[in-house]
Amino acid sequence: MNKRLAILSRLLRYPDQALRADLPDIAAAIPGAGFQPGLVARLLRLPRRLAQGDGLDREEEYVRLFDRGRGTSLHLFEHVHGDTRNRGPAMIELAQVYEQAGYALDARELPDFLPLFLEFCAVAPEEVARNLLAQCAPILDALHARILGRGSAEARLYAVILAATLAEIGERPAQKPTAEQERTDAEEFAELDAAYEAEPVVFGPESDPDKDGARAKVAAMIQRLRHFRGPSATAR
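Being a predicted model, the structure only gives us computed values, none of them experimental. (Residues numbered from 1 in each chain as written. Predicted model: local features only at pLDDT ≥ 70, side-chain atom pairs only at ≥ 80, totals over all residues. Heavy atoms only, no water.)

## Considerations on the environment of Ile 30
The condition that has to hold: Each helix is a run of DSSP H or I of at least 4 residues and each strand a run of E of at least 2, with the numbering of both proceeding from the N terminus. Accessible area is worked out with a 1.4 Å probe on protein chains only. A residue is then buried under 20% of its type maximum, exposed over 50%, and partly exposed in between. Residue contacts follow a heavy-atom distance rule, with two residues in contact if any of their heavy atoms lie within 4.5 Å.
Its location among the elements puts Ile 30 in the loop between helix H2 (17–29) and helix H3 (37–51). Taking the relative accessible area as the measure of exposure, Ile 30 reaches 0% and is therefore buried. Taking the C-alpha atoms as reference, Ile 30 lies 7.4 Å from Ile 7; in sequence the two are 23 residues apart. Contact partners of Ile 30, with chain neighbours within four places excluded, come to Ile 7, Leu 11, Phe 35, Val 40, Leu 43, Leu 44 and Pro 47.

What follows is the structure, given as structure tokens:
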């Protein structure tokens, strides 16, 4: 398994309670996964960000960045085919690639969903994974640039995930943060790192300021319902 792609896939997932609970393991795996040295510290900032504050705020940031408009959609074929009739055959072809490699496709997700795509590449034969990533490199580069263009700190943290994905095939993003963004990020991320070092963030449910309140009780009830209803009820 390519641990780097598995980590990147996970970090691009919707930051729900389940992902937040996995953040300690994800963060612990990053330094030893073999990422380029310049990427390690930058990658660690996203799990730290996701663990801070109210989880609902992190979820809203994700939705605002990826689910409102095609420009930053995590569905790869949105950037190539949009809603044209060509998208269907492309989906079928990609699904067949998954199936031929023995990968069980989750029926709740489309084959071109980037986290799912990276999850497959993480377990696919190296030649297959590199070929698929190379074919998608222009899309990933454009998506990286559009995410950076959103201008927010969280957008630039997610852009690092795209940069790290491109690095897997020896590519670098064409678009880079502006000098002003670099300065702003340096200050903000220095504060983030200092806060983490002074008092490490508690990942998972315990980091929720409302963990003893109504929202936590509702979440617990939902989890119990999901348990009784089975795996098909766990899609977000």
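## Description of the packing of aromatic side chains
Here is the rule we go by: Two aromatic rings, drawn from Phe, Tyr or Trp (for Trp, its six-membered ring), form a pair once their centres lie within 6.5 Å of each other, and the interplanar angle then sorts them: stacked below 30 degrees, edge-to-face above 60, tilted otherwise.
The full count for this structure, using the stated rule, is seven aromatic pairs. Between the aromatic rings of Tyr 62 and Phe 66, the centroid separation amounts to 5.0 Å while the plane-to-plane angle is 65°, which identifies the pairing as edge-to-face. Pair noted here: Tyr 62 and Phe 66 are both in helix H4 (residues 55–66), with a separation of four residues, about one helical turn. By the burial criterion, Tyr 62 is buried, and Phe 66 matches it. Ring plane angle 70° and centroid distance 6.0 Å describe the contact between Tyr 62 and Tyr 158, whose orientation is recorded as edge-to-face. Taken together, the positions of Tyr 62 in helix H4 and Tyr 158 in helix H8 (residues 153–167) put the pair 96 residues apart, joining distant regions of the chain.

## Overview of the nonpolar core
Stated formally: To form a nonpolar core, buried Ala, Val, Leu, Ile, Met, Phe, Trp, Tyr and Cys residues must be joined to one another through side-chain atoms within 4.5 Å.
Grouped together as the largest cluster of nonpolar side chains are 62 residues, with contacts concentrated most on Phe 35, Leu 43, Leu 114 and Phe 117. Sorting the residues of this core by element identifies helix H1 (3–11), H2, H3, H4, helix H5 (87–100), helix H6 (114–123), helix H7 (126–149) and H8 as the ones contributing at least two each. With near-sequence residues (within four places) excluded, Phe 35 lies in contact with Arg 4, Ile 7, Leu 8, Ile 30, Val 40, Leu 43 and Ala 164.

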